[in-house]
Every structure is written in C-alpha cells, then in structure tokens.
Amino acid sequence: MNARLDLLQPYPFTKLRTLLANATHPTHNTHINLSIGEPKHATPALIEEAIKNNLSGLSSYPPTKGDPALRQAIANWIARRYDIPAPDIETQVLPCTGSREALFSFTQAMINGGPNSLVVCPNPFYQIYEGAALLAGATPYYLNADPAKNFGSNWSSVTADVWEKTELVFVCSPGNPAGNVMPFEDWKTLFALSDRYGFIIASDECYSEIYFSDENKPIGGLQAAQLAGRPDYPNLVCFSSLSKRSNVPGMRSGFVAGDARLLEKFLLYRTYHGSAMSPVFSAASIAAWNDEAHVAQNRARYKAKFEAVYPILANVLDVKMPDASFYLWARTPMPDDEFTLQLFEQEHVTVLPGSYLARDAHGINPGRNRIRIALVAPLEQCLEGAQRMARFIKNNR
C-alpha cells in the first residue's frame, strides 16, 4: 500500500461533520447550509437538451484527447473571454473530467518527487493541492494569504532556497476562500520567478465567471501571459470548469490549456490514467461553452445574493466584498470552530471554519478566526441565513 496515503489529512467537511456530530439545534427553524461551495442553481435547459439528444454517444469509447469539436469550442471561449488568440486545439487544449481530477492528475504527471521536491500552494487552499503534492512524493510549502495583499500571495517572501526546490506552484484566482483576484503585476513577478527557477505554474480558475461587473472581469493566466509577451505560455497551464459557470457540478467537465510541451506529457499520462470524457457530456459541454446567456443569468443571481446579504453581515462582522467567486471570508469574534458550533446550535445555520481550510505555517494558521460563507443556496435562504447570523452575533456579544 502507498505509505503516502497516511499523510493525507481529513477533508474540511469531514472535520465539520465531526465538530457538529453531537450538536443540538433548534427544531423551530429549517437548516440553512452555507458551508459547501456546491452550485445550487438549476442546470440550463440547453445543456439538458444536449445530453438527451446525444445519448447514442454511450455506445462509443471516448478519445483521451477529447472531441475536436469540444476542443474548438473551448479554444473559442478562451479567445472570446480573454480577448486573446485562440489556443491551438491540437497542442494547447485538453478537455478533462472536471478541474479537480485534472489538478490532481496533472501534479502526478509533472512532479518528480523526492526528499527535496516542493510544491508551493496558497494557504488557505483547496485541499486537492496538498493531497496531489503529497501523493506525488513532494512536500507542500504553504504560502500564507497576506491580508495586506487582498489575501493574495506575497511571492517576494519566498526565499531562493525554497524556489530552487520548487517543481510546481498552485495559483487559485479568483481565490478560494477569499475571492481575491491575482493582479497582473503579481502574474509578471511569478512568470519571472518561473523563468529563473524552472517551476511549473498550475492556475486554478474555476471561479472565473462568478464576478460582479463586466468592467472588472477577473484576469486569467493565459491572458496575463499574452499581455506579458509570453504567447507560448512557457511552464503555465490553466484549469477551468463548467461546474460553477454553468451549474453542472455533476457533469464533471472542464479543461486544461497552456504550454504545449507540458500538455503533450499530460496527454500521455491521461492515455494510461483513463479519464476521457463521455461523448454525451462532451456534446453537452460544447453547448455550454458556446452559450453566454445562461452564464450572465447565473452571475445576476449571485450578484443579487451579495447585494442582499453583504450589508447585513458587514454590520456585525469584519468582512469585505470579494473580487469574484460566491464566498464571503469573514473574521469571527471568537474562535472559528466555536463560532461555527454555536451558530449551528443556536440558529441551525452551517458555515465552514476557516482554520479547516488552512495549515499552521510560519507560526500561524491564516484561516483561524475566520469563516467561509458560501452563497449558493437560493436567495431567500441566503438572506435568512445572514439574518440569523446577525442575530446570533448580537446575542453573543
């Protein structure tokens, strides 16, 4: 058995279930779950229709490289969304069965591993980054979120001896949990460090389409590379997904795009890994990437939730609007796990302790005394949850 499996920590929601296992809650009100970032909006009809109309695809093995029509739809979307040349569908785009699968498997394909191998990841972070690094034989190096940088990463705080051992850097922009977007100047700094030390950049962009203004669309890694004069995307790959954009988390559909040299090796790995997309979902994905109307409607729903919820919580918590995503990252007036437990027991509302999303690093846990609030439930539930939370805080001052 792979001994590295013993290095994996419980998932945040496993910890949350343990925290609440013996908790009691009011019986007079319904449960409102604001803890998990699972989209709850209805799947668009055009995607459902595409699935129904392409069920004959179940009789065929899917190509590992993906349907050329899907790769073209993805490339066209990238070009439209980021106003850059469309990537080469033969060498620079690969469909994947959700960005989670691809983030994990890409790490296995790229990392040599060994006692000196490091993978830099943000802290707090999406736990797949850590697990992927550990199972690839590397050691995670946690780069604490910097409140002074809008909870982004301070690349200059990493020493040369760490960079020299680094094989891969995970970027999450828009970020989970703070919803921060990495600015272009930080991209340029990271590109320069990658050129100097030779590490790969894996940019997780699954929240890129949940933003609040067309004038402030989150910049993407491929876009930043083009602006920086790096049209071949050296040592850069970006991961995106339809789960949040199109409300199809159960479809498991996304893509990887970027450096053709890296994607050639990743395709080889995937040929053996066996993670090709079903032709049925491939057809549905084409329909999704080719349509923006449902995405605009989706954004409008999230914007309405933030407009309703944020003023209520801003009156009682230290919290700011995110740049993008569907999370609020709020400071708590008591330890985050205690806040979560008491909120559940008194108001039957569940949030996620911030410390569960982070690790102790450089003397602190940067998620401690914070909670992540996911505004994925219907507007009425999000509003009720915020009102209950405000009441809870006022009653416990």
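To keep things clear, this report deals only with the structure shown in the data block. Remember, it's a predicted structure, so these values are computed and weren't measured experimentally.

This part is about the overall build of the chain. Scanning the chain from terminus to terminus reveals 14 helices and twelve strands. Here the chain has a C-alpha radius of gyration of 21 Å; the compact-globule value for 397 residues is 21 Å, and the two agree. Projected onto its principal axes, the C-alpha coordinates of the chain cover approximately 60 × 55 × 50 Å. The buried share of the chain, taken over its 397 residues, is 57%. The contacts in the chain between residues at least 6 apart in sequence include a share of 75% that link residues at least 24 apart. Total accessible area on the chain stands at roughly 16,500 Å², and carbon and sulfur atoms take up 52% of it. One way to put it: in the chain the 36 positive side-chain charges average out to a point 2 Å from where the 38 negative ones average out.

Once that is clear, we can look at the packing of helix α3 (residues 68–82) against helix α11 (residues 279–289). With their axes 9 Å apart at the nearest point, α3 and α11 run at an angle of 20 degrees to one another. Between α3 and α11, the interaxial angle falls into the category roughly parallel. As α3 packs across α11, the resulting crossing turns out to be left-handed. Only Ser282, Ser285, Ile286 and Trp289 of α11 make contact with α3, whose side of the interface consists of Ala69, Leu70, Ala73, Ile74, Trp77 and Arg80. A class-by-class count of the residues in the contact of α3 with α11 yields seven nonpolar, two polar and one charged.

Right, let's talk about the side chain of Lys244 for a bit. Within the element layout of this structure, Lys244 appears in helix α9 (residues 242–246). One buried charged residue, Lys244, forms no salt bridge at all, with the nearest opposite charge on Asp204 at 7.5 Å.

Now for unusual backbone geometry. The bulk of non-glycine residues show a negative phi, and the bulk of peptide bonds are trans. The step from Asn123 to Pro124 runs through a cis peptide bond, and the omega angle for that step is 10 degrees. Checked against the element boundaries, Pro124 lands in the loop between β3 (118–123) and α5 (127–135). Put simply, Ser173 and Pro174 share a cis peptide bond, and its omega is -5 degrees. Mapped onto the elements, Pro174 comes out in the loop between β5 (166–172) and α7 (184–197). At Tyr233, a residue that is not glycine, the phi angle is positive and equals roughly 55 degrees. With respect to the helices and strands, Tyr233 occurs in the loop between α8 (221–227) and β7 (236–241). Tyr233 gets classed as buried once you look at its relative accessible area, which sits at 2%. Its identity as a non-glycine residue notwithstanding, Asn247 has a phi of 60 degrees, on the positive side. With respect to the helices and strands, Asn247 occurs in the loop between α9 and β8 (254–258). Residue Asn247 is classed as buried on the basis of its relative accessible area, which comes to 3%.

The rules behind the values
Residues numbered from 1 in each chain as written. Predicted model: local features only at pLDDT ≥ 70, side-chain atom pairs only at ≥ 80, totals over all residues. Heavy atoms only, no water. Helix = DSSP H or I, 4+ residues; strand = E, 2+ residues; numbered from the N terminus. Rg over C-alpha atoms; globule rule 2.2 N^0.38 Å. Buried < 20%, exposed > 50% of the residue type's maximum accessible area, 1.4 Å probe, protein only. Contact = heavy atoms within 4.5 Å. Areas by Shrake-Rupley, 256 points an atom, 1.4 Å probe, with all protein chains shown as cover. Lys, Arg positive; Asp, Glu negative; His and termini not counted. Charge placed at Lys NZ, Arg CZ, Asp CG, Glu CD. Axes fitted to C-alpha atoms, helices over the stretch in contact; angles between N-to-C directions. Parallel < 35°, antiparallel > 145°, perpendicular 65-115°, else oblique. Left-handed = near helix turned anticlockwise from the far one by under 90°. Nonpolar A, V, L, I, M, F, W, Y, C, P; charged D, E, K, R; others polar. Salt bridge = Lys/Arg side-chain N within 4 Å of Asp/Glu carboxyl O.

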